[in-house]
Protein chains: 2
Amino acid sequence: MSPDEFRRAGYAVIDWIADYWATVEQRPVTPTDPPGTVAAALPGAPPTVGGEPVEAVLADLDSIVVPGLTHWQHPGFFGYFPANTSGPSVLGDLVSSGLGVQGMLWATSPACTELETVLMDWLAQLLDLPHRFRSTGNGGGVIQDSASSATLVATLAALHRASQGRWRATGIDRRYRAYTSAHGHSSIEKAARIAGLGADGVRSIEVDPDSQALRPAALRAAIEADLAAGDVPAIVVATIGTTSTTAVDPVPEIGAICAEYGIWLHVDAAYAGSAAVCPELRWSHAGLEYADSYCFDPHKWLLTGFDCDAFWVADRAELVEALTVLPEFLRNAATESGAVIDYRDWQVPLGRRFRALKLWFVLRWYGAEGLRTHIRSGVALAARFADRVRADDRFEVVAAHPFALVCFRLRADDDTNAEMLARVNHTRRVHLTHTRVAGRYTLRLAVGAPQSTEAHVDEAWKLLAAAADDLRTP
Amino acid sequence: MSPDEFRRAGYAVIDWIADYWATVEQRPVTPTDPPGTVAAALPGAPPTVGGEPVEAVLADLDSIVVPGLTHWQHPGFFGYFPANTSGPSVLGDLVSSGLGVQGMLWATSPACTELETVLMDWLAQLLDLPHRFRSTGNGGGVIQDSASSATLVATLAALHRASQGRWRATGIDRRYRAYTSAHGHSSIEKAARIAGLGADGVRSIEVDPDSQALRPAALRAAIEADLAAGDVPAIVVATIGTTSTTAVDPVPEIGAICAEYGIWLHVDAAYAGSAAVCPELRWSHAGLEYADSYCFDPHKWLLTGFDCDAFWVADRAELVEALTVLPEFLRNAATESGAVIDYRDWQVPLGRRFRALKLWFVLRWYGAEGLRTHIRSGVALAARFADRVRADDRFEVVAAHPFALVCFRLRADDDTNAEMLARVNHTRRVHLTHTRVAGRYTLRLAVGAPQSTEAHVDEAWKLLAAAADDLRTP
């Protein structure tokens, strides 16, 4: 494809996306077709001869692919956690694709590394993170694909420390333990499994029934029990904004325990970290000065497209020591000088794309104030929805909603709640998901799509109230 | 950013990329500034107020970022392995960014999963992979970010098998071993370290001095020795196209050994897998019917931008069993029906973007024949360069070059070769990298950028010959 062919086709794709965003609200949020529908509509073999105009592919996108999508940017999408994107993010990522550079080493594209280091320092300032995470000291930030990978990398660095450096050579040679609350994300168990600790290596610590947050006394007891058994506590993962309810673990108390026992503290703020751009929400990040590592996902709630997890460590040398492998074909003068960052040593994969560009475009388009406006809008819409729920005696709000997620249910049994969720989602005007809180089926409404307004949240409430009417609850 | 603002700014970015591609050849391949130059040119803090037009960011791209890049798409870039991209790949990825959907579960965006499954079957046909890898049987393919992650995932599935399923719960409770040749990629050691085997868990098997390929007899001996010591052989990673020299391990013999001992065989064809789109290069994939898993990187040599590693398994149930974790908030009817693929269980991260789109755009633009033309062009250009080297008695070609990488050196000591490389790269007209073959410093010229022609390869040769003149070698 020549540069001029690209220019012409590129305009068509830009138009297609602009039209998609302008009309996404009119589409059903979720598809209706059964499994296999999209696959059946595609040819069984790749084309032999190419040269199809991009317009032909866009036509198939319209007729085959888009009807099979759940539209995460739809203003009625309230499921899981949001996965925001925005125009500037898409354009920054487009530049990254067009440049096609590899940032595995500083030497393989210096600007790719340096822009990322600077942007991570900018983000650290935006969230008012402790100074120890900045690259100007011993710390530093890096973009991971997801919080799952951040947790994995933190677990590996923790094993390196807990083994006094043996782990790199000997692997898992003792019973190392990871600790997180019963509402810690599933990626913590997955990271432990990947790292060779097994499910048995993860201690699920009980939560306070009111706050749904980790109980420090239970953490201490678990650590003591493991030490008494001769096991090695390696990492504690505290959560700021759990996936179930956005509970905030008491990081100051957890951090003090980690400091006392010399255990690596990773703080997972995948969703709620974005909230820290607002000074009034920074209470949620108290105690972060204890953390050895911290991450949040700009791709969840900060208008930056997947994949973009922002991960920081307080001691970058420790992380690099844990992960570095230097084969001959990557040796270069800059690396050997020690004066540069080689981000391949901060992550699982070797290769890496220029992901800092999308963050750069987002920060320059929205500025700090624009990002705060976005977060505050989500918090206010969630509060508005929670007010509706509270005003109806048939319903209850089942957890605090400091951010933009509301957990609620009918005062009825689990099956009735599940049926209500199914009916509301069946309208395909909105999409909500569920969790369990204290064992009970609970609906979740997470605001986040930049296009969501009061009208969309109000519509979600009307559909829920109507479903409750139909279900003849008292 | 409204859809119409996006449309206007999007055209500007498309133009910027088209202009970049049209002029990249005129730029120095590598930057000249010392570490810290790009960082120093950026503000120390993020903007408070946003609203900067995209044109302002593009201007800073031109003045600050681009001068600090190594241009991987430059026709004079011959370093490492190529990281091809192409217009259709960029546009497919742009659609993915614009849709902003999450494909972690089938239910979270069915078309994202189904298009990927179909595209991976298309690729399997294009490469004529064994039928066992297709989703129509027990196998199936998935897009990973990189071959590093593919090797890690294969290692985890292998541990699950080697432990008879204990590993998920107990973790690493015995001494498990991984085997690869002395030229196996560094990501194999990294995967073993991540998985908790440690560097001691990796057996580096000697290579044949002529072919630089793994010696099956040495593999068998290492396995026998480990078994005798009570250790558990878990995985063998064979390489089709090693990073140093593109050596092809004897997969038929290796596969027979793995079958005999019940060891997981992963075949890493990260670079050379693309060659299998050409029937005349499929000899390199002999023995693949023994493999439990296989991967190659369309982002290296198949005109698809990073990140896109294509990874297949022969038994998808085994992989899913090893990696699945199902928290309440991800439960859904489609998953519970067993009728769908949830790709989150095929990879390390939970979230995933719609990467099949870029492959779809590439396959429809180039078709099978267009991809073959691209591969054959690279092979022919490499052969042309090797002829030049062979025709000059001062030089020697030090390994076979079945694909598009030529390994060569001056008949001189290591320092002289290193100096020659430095002088040629210092011209910034071309960029080559190095390796060591049988302990000796060796230059590598890897053809791959779609814009590279005979003129660029000839220029590389002229610069090398001139450097040799200057170094006054006999």
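All figures in this text were calculated on a predicted structure; none of them were measured in a lab. (Residues numbered from 1 in each chain as written. Chains lettered and ligands numbered in written order. Predicted model: local features only at pLDDT ≥ 70, side-chain atom pairs only at ≥ 80, totals over all residues. Heavy atoms only, no water.)

**Here we look at the overall build of chain A**
Summing up its helical and strand segments, chain A has 16 helices and eleven strands in all. Relative to the 2.2 N^0.38 estimate, which gives 23 Å for 474 residues, the radius of gyration of chain A is 24 Å and therefore close to what a compact globule would have. Considered along the principal axes of its C-alpha atoms, chain A spans approximately 65 × 60 × 45 Å. When the 474 residues of chain A are sorted by exposure, 68% land in the buried category. Once local pairs closer than 6 in sequence are excluded, the contacts in chain A between residues at least 24 apart make up 74%. For chain A, the computed accessible surface area is about 14400 Å², with 52% contributed by carbon and sulfur atoms. (Helix = DSSP H or I, 4+ residues; strand = E, 2+ residues; numbered from the N terminus. Rg over C-alpha atoms; globule rule 2.2 N^0.38 Å. Buried < 20%, exposed > 50% of the residue type's maximum accessible area, 1.4 Å probe, protein only. Contact = heavy atoms within 4.5 Å. Areas by Shrake-Rupley, 256 points an atom, 1.4 Å probe, with all protein chains shown as cover.)

**Re unusual backbone geometry**
Residue and element names in this part refer to chain A. For the bond from F306 to D307, the omega torsion is 5°, close enough to zero to count as cis. Tracing the sequence through the fold places D307 in the loop between α11 (298-301) and β7 (309-313). Here Y80, not a glycine, exhibits a phi torsion of approximately 45°, which is positive. With respect to the secondary-structure elements, Y80 resides in the loop between α3 (54-65) and α4 (87-99).

**Looking at the interface of chain B and chain A**
At the interface, 142 residues of chain B touch 142 residues of chain A. Counting the surface lost from both chain B and chain A, the interface buries some 12500 Å², and carbon and sulfur atoms represent 66% of this. Across the chain B-chain A interface, the total number found is twelve salt bridges. A salt bridge links B:R7 to A:D19; the shortest N-O distance between them is 3.0 Å. (Buried area = accessible area lost by both parts, 1.4 Å probe. Salt bridge = Lys/Arg side-chain N within 4 Å of Asp/Glu carboxyl O.)

**A closer look at the state of the cysteines**
In the structure shown here, the tally under the stated rule is zero disulfides over all chains. Among the cysteines around A:C295, which has no disulfide bond, A:C308 carries the closest sulfur, lying 11 Å off. (Disulfide = S-S within 2.5 Å.)

**Quick notes on the side chain of B:N84**
Residue and element names in this part refer to chain B. For N84, the position within the fold is in the loop between α3 (54-65) and α4 (87-99). A residue is classified by how much of its surface remains accessible, and N84, at 1% relative accessible area, is buried. Looking at N84, its side chain comes within polar contact range of the main-chain oxygen of G448, at 2.6 Å. Setting aside its immediate chain neighbours within four residues, N84 contacts Q73, H299, K300, W301, L302, L303, T304, G305, H374, G448, A449 and P450. (Polar contact = N/O pair within 3.5 Å; in protein donor to acceptor, adjacent residues only side chain to side chain.)

**What to know about the domain arrangement of chain A**
Residues and elements named next belong to chain A. According to the domain assignment, chain A consists of domain 1 (3-69), domain 2 (101-353) and domain 3 (362-472). With centres defined by C-alpha atoms, the gap from domain 2 to domain 3 works out at 30 Å. If you look at the interface, domain 2 gives 27 residues, while domain 3 gives 24 residues. Here domain 2 and domain 3 share an interface that buries about 2200 Å² over both sides, 72% of which is from carbon and sulfur atoms. There are one salt bridge connecting domain 2 and domain 3. Across the salt bridge formed by R376 and E280, the nearest N and O atoms sit 2.7 Å from each other. Between domain 2 and domain 3 we count six residue pairs in polar contact (both at pLDDT 80 or more) in total. If you tally residues by element for the side of domain 2 that touches domain 3, the top one is helix α5 (residues 110-126), at three residues. Within the side of domain 2 that touches domain 3, the residues separate by chemical class into 15 nonpolar, ten polar and two charged. (Domains from an automatic or database assignment. Nonpolar A, V, L, I, M, F, W, Y, C, P; charged D, E, K, R; others polar.)

**Let's talk about the sheet that holds strand β6 (residues 293-296) of chain A**
Residue and element names in this part refer to chain A. Read from one edge of the open sheet, seven strands run β1-β7-β6-β5-β4-β2-β3, paired in mixed fashion. With partners counted over all chains shown, the strands left at the sheet margins are β1 (140-144) and β3 (202-205), one partner each. For this sheet the average axis-to-axis angle between neighbouring strands, irrespective of direction, equals 20°. Pairing of strand β2 (residues 176-181) with strand β4 (residues 232-239) involves five bridges; the strand directions are parallel. Bridge assignment links Y179 to a residue of β4, and that residue is V236. (Pairing = 2+ DSSP bridges. Axes fitted to C-alpha atoms, helices over the stretch in contact; angles between N-to-C directions.)

**Considerations on the pattern of salt bridges**
Here the structure, examined in full by the defined rule, presents 76 salt bridges over all chains. For A:D458, the salt bridge is made with A:R388, and the minimal N-O distance between the two is 3.7 Å. Of this pair, A:D458 sits in helix α16 (residues 454-470) while A:R388 sits in helix α14 (residues 356-390), and the two are 70 residues apart along the sequence. You can call A:D458 buried: its relative accessible area is 17%. A:R388 sits in the partly exposed class, given a relative accessible area of 29%. The shortest N-O distance in the salt bridge between B:R352 and B:E116 comes to 3.0 Å. In this pair, B:R352 sits in the loop between α13 (333-337) and α14 (356-390) while B:E116 sits in helix α5 (residues 110-126), placing the two residues 236 residues apart along the sequence. Across the pair, exposure class does not vary: B:R352 and B:E116 are buried alike. Among the ionic contacts, a cluster of salt bridges with common partners joins A:E328, A:R331, A:E336, B:D414 and B:R436.

**Some remarks on the pairing of β2(A)**
The side chains of a regular strand alternate between the sheet's two faces. All names here are of chain A. Of all six residues in β2, six are buried; the element is thus mostly enclosed. Along β2, one buried face is formed by Y176, A178 and T180 and the opposite face, lined by R177, Y179 and S181, is buried too. The pairing of β2 with β3 spans four bridges and is classified as parallel. Bridging from a neighbouring strand, T180 pairs with S204 of β3. Read as a crossover between parallel neighbours, the route from β2 over helix α8 (residues 186-194) to β3 is right-handed. (Right-handed = clockwise from strand over helix to strand, strands pointing away.)

**Some points on the nonpolar core**
Of all hydrophobic cores here, the largest spans 275 residues; its most connected members are A:W360 and B:W360. Leaving out residues up to four positions away in the same chain, B:W360 has contacts with A:L42, A:V57, A:D60, A:L61, A:V65, B:L115, B:L119 and B:W122. Membership of the second largest hydrophobic core comes to 76 residues, among which are A:I188, A:L323, B:A147 and B:L156. (Core = buried A, V, L, I, M, F, W, Y, C linked by side-chain atoms within 4.5 Å.)

**Considering α14(B)**
Given a rise of 1.5 Å per residue, 35 residues ought to cover 51 Å, yet the end C-alpha atoms of α14(B) are separated by just 42 Å, more than 12% below that figure. Of all the bends in α14(B), the greatest measures close to 85° and is centred on B:G367. (Expected span 1.5 Å × (residues − 1). Bend = angle between axes of the 7 residues up to and from the residue.)

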